[in-house]
Amino acid sequence: MKTSKLPLLTTGVVLLFFYVPLALMVVQSFQHKVPGVDAKQWTTKWYVRIFNDDRVVDAAMNTISIGITAAVVSTLLGTLSAMAIYRYKSRLQSLHKGLLYIPIILPEILMGISLLICFSALGIELGRMTIVAAHVAFCTSYVAIIILTSLEGFDFTLVEASRDLGASWLQTFMRVLLPLLFPAICAGTLLAFTLSLDDFIVTFFVSGPGCTTLPVYIYSSIKHGRPESLCALSSVLLAATFVLVTISLLFAGNKMVESERA
């Protein structure tokens, strides 16, 4: 029977549609138009320029600090949420599990508008803390789902054996439960940091004056900044995102392999 090439062709077209614009952006970030000549030359001056721009540095520091804070809080809440859902089976926990998927399937613009309305109604001034709270609101779900998936293959008889041998709950958690869940926790933390790092829509609605992240800075500079400089800045953000996602997938993949071997 002859195999159809349509799925392979469709996959190739989709991948080209996704990645060709990104590749063109990276290429443009290394190009400079020579004055008076209809030609371009290769250069790295756009990267030097963005790293020497105080506004870019401030936006980058805001992005990193917000991302780290959101990732830590999301990891804590997501881990506790996943363990509660897995250990205590009830209708309430089924509702809890269903609520985890709402931030994932809900359009970001609706989440941004709803959070803005909520902060305004409570009289909370928009700024760094509102951005962190907004990022935690949607990052926690991703962390909880990753850890919950890991818990599905977890052998809780190890916890019971540790308790039978006289270990306290704290000792059991630190020496048995935490090391076994560590790869999933790391994967969830890195994913939460990545989502916070490149989020624009939600951040755009809940950010205030004096606190600008890199995605918001790029958007606000489109009409005023040099395209090459913005391409360079976007390329740096793209590279950071790819690295973090790859590390996160490696942690999650190693955990799956260990579970299958067990």
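Residues numbered from 1 in each chain as written. Predicted model: local features only at pLDDT ≥ 70, side-chain atom pairs only at ≥ 80, totals over all residues. Heavy atoms only, no water.

Novice: Break down the overall build of the protein for me, citing the residues and quoting the values.
Specialist: On a plain count of helices and strands, the protein comes out with twelve helices and two strands. Ordered by position in the sequence, the α and β elements of the protein form the string α-β-β-α-α-α-α-α-α-α-α-α-α-α. C-alpha atoms of the protein, sized along the principal axes, occupy 80 × 65 × 35 Å. Burial statistics for the protein: of 262 residues in total, 38% are counted as buried. (Helix = DSSP H or I, 4+ residues; strand = E, 2+ residues; numbered from the N terminus. Buried < 20%, exposed > 50% of the residue type's maximum accessible area, 1.4 Å probe, protein only.)

Novice: For the pattern of salt bridges, give the residues involved together with the corresponding values.
Specialist: Think of it this way: side chains of opposite charge can pair up when their charged atoms draw near. Here the structure, examined in full by the defined rule, presents one salt bridge. Salt-bridge contacts for Asp53 lead to Arg55; the nearest nitrogen and oxygen are separated by 3.4 Å. (Salt bridge = Lys/Arg side-chain N within 4 Å of Asp/Glu carboxyl O.)

Novice: A description of the side chain of Ser207 should follow, citing residues and the corresponding values.
Specialist: With respect to the helices, strands and loops of the structure, Ser207 is situated in the loop between α10 (201-206) and α11 (214-221). Not counting the four nearest positions on each side in its chain, Ser207 is found in contact with Leu126 and Ile131. (Contact = heavy atoms within 4.5 Å.)

Novice: Got a sec to walk through the side chain of Thr172? Specific residues and values, please.
Specialist: Among the secondary structure elements, Thr172 is positioned in helix α9 (residues 169-197). Judged by relative accessible area, which is 2%, Thr172 ranks as buried.

Novice: I'd love a proper account of α9, names of residues and values included.
Specialist: Counted at 1.5 Å a residue, the expected span for α9 with its 29 residues is 42 Å, but the 35 Å between its end C-alpha atoms falls short. In α9, a bend of some 55 degrees at Phe182 exceeds every other bend along the element, and Pro183, a proline, comes one to four places later. (Expected span 1.5 Å × (residues − 1). Bend = angle between axes of the 7 residues up to and from the residue.)

Novice: Lay out the packing of helix α8 (residues 157-164) against α9 with the relevant residues and their values.
Specialist: Interaxial distance between α8 and α9 falls to 10 Å at its minimum, and their mutual angle equals 150 degrees. Classified by the interaxial angle, the pair formed by α8 and α9 is roughly antiparallel. Helix-helix and strand crossings are classified by hand; for α8 and α9 the assignment is right-handed. Within the contact between the two elements, α8 uses Leu158, Val159, Ser162 and Arg163 and α9 uses Trp169, Thr172, Val176, Leu177 and Leu180. Here the residues of the contact of α8 with α9 are counted per class, giving six nonpolar, two polar and one charged. (Axes fitted to C-alpha atoms, helices over the stretch in contact; angles between N-to-C directions. Parallel < 35°, antiparallel > 145°, perpendicular 65-115°, else oblique. Left-handed = near helix turned anticlockwise from the far one by under 90°. Nonpolar A, V, L, I, M, F, W, Y, C, P; charged D, E, K, R; others polar.)

Novice: Just give me the short version of the packing of aromatic side chains, but keep the residues and values in it.
Specialist: The final tally for this structure, using the stated rule, is six aromatic pairs. Ring geometry for Phe200 versus Phe204: centroids 5.5 Å apart, planes at 40 degrees, classification tilted. Residue classification places Phe200 among the partly exposed residues on the basis of a relative accessible area of 23%. Aromatic rings pair up to connect Phe200, Phe204, Phe205 and Tyr219 into one cluster. When the ring centre of Trp46 is taken as origin, the NZ or CZ atom of Lys45, which lies over that ring, is 4.7 Å away. (Phe/Tyr/Trp six-rings, centres within 6.5 Å; stacked < 30°, edge-to-face > 60°. Lys NZ or Arg CZ within 6 Å of the ring centre and 35° of its normal.)

Novice: Which residues make up a nonpolar patch on the surface, and what values go with them?
Specialist: Judged by side-chain polarity, Leu92, Leu95, Leu99, Ile102, Leu106, Ile109, Leu110, Ile113, Ile117 and Ile201 come together as a nonpolar surface patch covering roughly 870 Å² of accessible area. At the level of elements, α4 (91-100) and α6 (108-121) are the ones that each hand at least two residues to the nonpolar patch. If one sorts the elements of the nonpolar patch by residue count, α6 sits on top with four residues. Inspection of the secondary structure assignment puts Leu110 in helix α6. (Patch = residues over 30% accessible without salt bridge, like charges linked within 9 Å, V, L, I, M, F, W, Y side chains within 5 Å. Areas by Shrake-Rupley, 256 points an atom, 1.4 Å probe, with all protein chains shown as cover.)

Novice: Help me get a handle on the nonpolar core, residues and values and all.
Specialist: In terms of nonpolar packing, the biggest core is built from 48 residues, with Leu115, Ile147, Leu151, Phe154, Phe156, Leu177 and Leu233 touching the most fellow members. Elements supplying a minimum of two residues to this core: α2 (45-51), α3 (54-87), α6, α7 (128-152), α9, α10, α11 and α12 (227-261). Sorting elements by how many residues they give to this core places α7 first, with eleven residues. Look past the residues within four positions of Leu177 in its chain and what remains in contact with it is Met83, Phe154, Phe156, Val159 and Thr172. (Core = buried A, V, L, I, M, F, W, Y, C linked by side-chain atoms within 4.5 Å.)

Novice: I'd like a description of the environment of Ser235, backed by residues and values.
Specialist: Secondary-structure assignment places Ser235 in helix α12. Ser235 sits 208 residues away from Val27 along the chain, and the two C-alpha atoms are 9.3 Å apart. If we skip the residues at most four places from it in the chain, Ser235 touches Met25, Val26, Ser29 and Tyr47. Of the polar contacts made by the side chain of Ser235, one reaches the backbone oxygen of Cys231; its length is 2.7 Å. (Polar contact = N/O pair within 3.5 Å; in protein donor to acceptor, adjacent residues only side chain to side chain.)

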